[in-house]
Amino acid sequence: MDRTPAWNVWDSPANRWDLSCSLVFACTLVMLGLSPGAGSRSHLVGIGCVAAMGLWYGLIGHHAILRNGPKPRATAVPYLAGQAALLAAAQSQLPVGLTLTFLLYALNPQFFMAFPPRRAFLAFVGVNLIPPLFALARHDPRTAAIVGAAGALGVAHSSILGGWINQIIAESRERHHLIGQLKQARAELAEAHRRQGALEERQRMAGEIHDTLAQGFSSILMLIQAAEAQVDPDPEQACRQLGLAARTARENLAEARALVASQGPSALDSASLSDALGRLTGQLDEETGIRARYRTVGEPRRLPTDAEITMLRAAQEALANVRKHARADTVDVVLTYAPESVRLDVADDGVGFPTERARTKGHEGGFGLVGMQDRVGRVGGRLSVDSSPGDGTRLRVEIAQ
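Keep in mind that what you see is a predicted model, and the values were worked out from it rather than measured.

### Structural notes on the sheet that holds strand 1 (residues 291–297)
1) Next: In space, the five strands of this open sheet follow the order 1-2-3-5-4, with mixed pairing throughout. Taken across any chain shown, the strands that pair with only one partner, and hence form the sheet edges, are strand 1 and strand 4 (382–387). On average, adjacent strands in this sheet sit at an angle of 10° to one another, irrespective of strand direction.
2) Next: On the sheet, helix 10 (residues 273–288) packs against strand 1, strand 2 (330–337) and strand 3 (341–348) and is oriented at approximately 165° with respect to strand 1.
3) Next: Packing of helix 11 (residues 305–326) onto the sheet brings it into contact with strand 2, strand 3 and strand 5 (393–400), and relative to strand 3 it is tilted by some 5°.

Below you can see the structure in the form of structure tokens.
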């Protein structure tokens, strides 16, 4: 959402400009009140016209000029026309001199504030011709020259100042527009990041559930099925299978609680990565009868939490695939601590599979090896799978540390 304000300095109530105009009108009235001839009827009418100019500005000009937008307001033309008419009426009643010319310093900038430069220039040149024309009409060329020169200076001053002000306002409006676009783009980008973060979090949670709870439930189901098959011929073996199922259920419950609490794997809470992998390998041996062997090469060291979780989840996924698909007799799990990296190798002598299956979202519709590859990639690691039908599977995860 674009939260850019609908107003700016140039179209907000400009107290300083109001004060400036008020001072010009007040000073003009004071000078007229102190000038010779004050108190005559024509003089009073002229002062009344000047006062009416100030009142006209307060009633109409403030909103027509200061609240003007990029295009002239409909009230700007009648306002400035009214000011020109009042100036002419005042000049018709008062002696031509520099006093009324002083009013032009308040009027001239208003033309630039209301119109584009060319129209503004033509309009205020016409207004500045009022005093010298009245002087010429009264056959006073000297006064006409003086007020004409003063008017010319006012025209030059207002042209330079007005053009500069118009450029500033145009650039400011453009900047205001660009800032609005920037804020909108920033809001859209923040929303996109929020959605991306939510998607990544859903994918992370899906991967965690697949690597822990789903695999645990699969193990429980297999153990219960094995126990059912052993109830009559071997009750003791059935009880042992049920005991393993209960233990797996408790571990799954601990993993579920850790996920809810946004903690790391429960297997790493009180054990090192090497111990957790050894226990995981031993469970496969105990639950399935597959000869599973684990060993550590190199000097174990503590790894960043993300790296340890990635290694553990990769081992869980690899051993779950061995349990469900490999039909293997043996599996070897090796954790190697090299000087600049840590490597996990899981190799089995099972039936293998075409490696193209590793590039899909799991041949059973789950996350599978692609989910493992995404997880490894997030920590800057590399995953490789070497397998072919009848030749077993060798999986390797390597993370630079």
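Still more to cover.
### Here we look at the side chain of Asp 345
1) Next: If you trace the backbone, Asp 345 turns up in strand 3.
2) Next: Asp 345 sits in the buried class, given a relative accessible area of 16%.
3) Next: Here the side chain of Asp 345 touches Arg 343 through a polar contact of 3.1 Å, side chain to side chain.
4) Next: A polar side-chain atom of Asp 345 sits 2.6 Å from a polar atom in the side chain of Arg 396.
5) Next: Among residues more than four places away in sequence, those in contact with Asp 345 are Asp 332, Val 333, Val 334, Leu 395 and Arg 396.

### Comments concerning the pairing of strand 5
1) Next: Here strand 5 shows one buried face, formed by Thr 393, Leu 395, Val 397 and Ile 399, and one open face, formed by Arg 394, Arg 396, Glu 398 and Ala 400.
2) Next: As paired strands, strand 4 and strand 5 are joined by six bridges and run antiparallel to one another. For Arg 382, the partnering residue across the bridge sits in strand 5 and is Glu 398.
3) Next: As consecutive antiparallel partners, strand 4 and strand 5 are separated by five residues, and within that stretch Gly 390 has a phi angle of approximately 85°, a positive value.

### Details of unusual backbone geometry
1) Next: Phi angles above zero are rare outside glycine, and Arg 327 is one such case at about 50°.
2) Next: Looking at where Arg 327 falls in the secondary structure, it is placed in the loop between helix 11 and strand 2.
3) Next: When its relative accessible area of 69% is taken as the criterion, Arg 327 is described as exposed.

### Focus on the nonpolar core
1) Next: Ranked by size, the top nonpolar core spans 33 residues in total, and within it Leu 273, Val 331, Leu 344 and Val 397 carry the most contacts.
2) Next: At the level of secondary structure, the elements contributing two or more residues to this core comprise helix 10, helix 11, strand 2, strand 3, helix 12 (368–378) and strand 5.
3) Next: Excluding residues within four positions of it along the chain, Leu 344 makes contact with Leu 277, Met 311, Ala 314, Ala 315, Val 333, Val 334, Leu 395, Arg 396 and Val 397.

### Considering the packing of helix 3 (residues 76–93) against helix 5 (residues 104–114)
1) Next: Closest axis-to-axis distance for the helix 3/helix 5 pair is 11 Å, and the angle between their directions is 160°. Classified by the interaxial angle, the pair formed by helix 3 and helix 5 is roughly antiparallel. Judged by the twist between their axes, the crossing of helix 3 over helix 5 is left-handed. Mapping the contact onto sequence places Ala 76, Tyr 79, Leu 80, Gln 83 and Leu 87 in helix 3 and Leu 104, Leu 107, Gln 110, Phe 111 and Ala 114 in helix 5.
2) Next: For the contact of helix 3 with helix 5, the residue count by class is eight nonpolar, two polar and no charged.

### Here we look at the packing of helix 3 against helix 7 (residues 130–137)
1) Next: Where helix 3 contacts helix 7, the axes come no closer than 10 Å and their chain directions differ by 30°. Here helix 7 runs roughly parallel to helix 3, going by the angle between their axes. The handedness of the crossing between helix 3 and helix 7 is right-handed. On helix 7, the residues touching Ala 84, Leu 87, Ala 88, Gln 91 and Ser 92 of helix 3 are Ile 130, Pro 131 and Phe 134.

Cut-offs and rules
Residues numbered from 1 in each chain as written. Predicted model: local features only at pLDDT ≥ 70, side-chain atom pairs only at ≥ 80, totals over all residues. Heavy atoms only, no water. Pairing = 2+ DSSP bridges. Helix = DSSP H or I, 4+ residues; strand = E, 2+ residues; numbered from the N terminus. Axes fitted to C-alpha atoms, helices over the stretch in contact; angles between N-to-C directions. Contact = heavy atoms within 4.5 Å. Buried < 20%, exposed > 50% of the residue type's maximum accessible area, 1.4 Å probe, protein only. Polar contact = N/O pair within 3.5 Å; in protein donor to acceptor, adjacent residues only side chain to side chain. Core = buried A, V, L, I, M, F, W, Y, C linked by side-chain atoms within 4.5 Å. Parallel < 35°, antiparallel > 145°, perpendicular 65-115°, else oblique. Left-handed = near helix turned anticlockwise from the far one by under 90°. Nonpolar A, V, L, I, M, F, W, Y, C, P; charged D, E, K, R; others polar.

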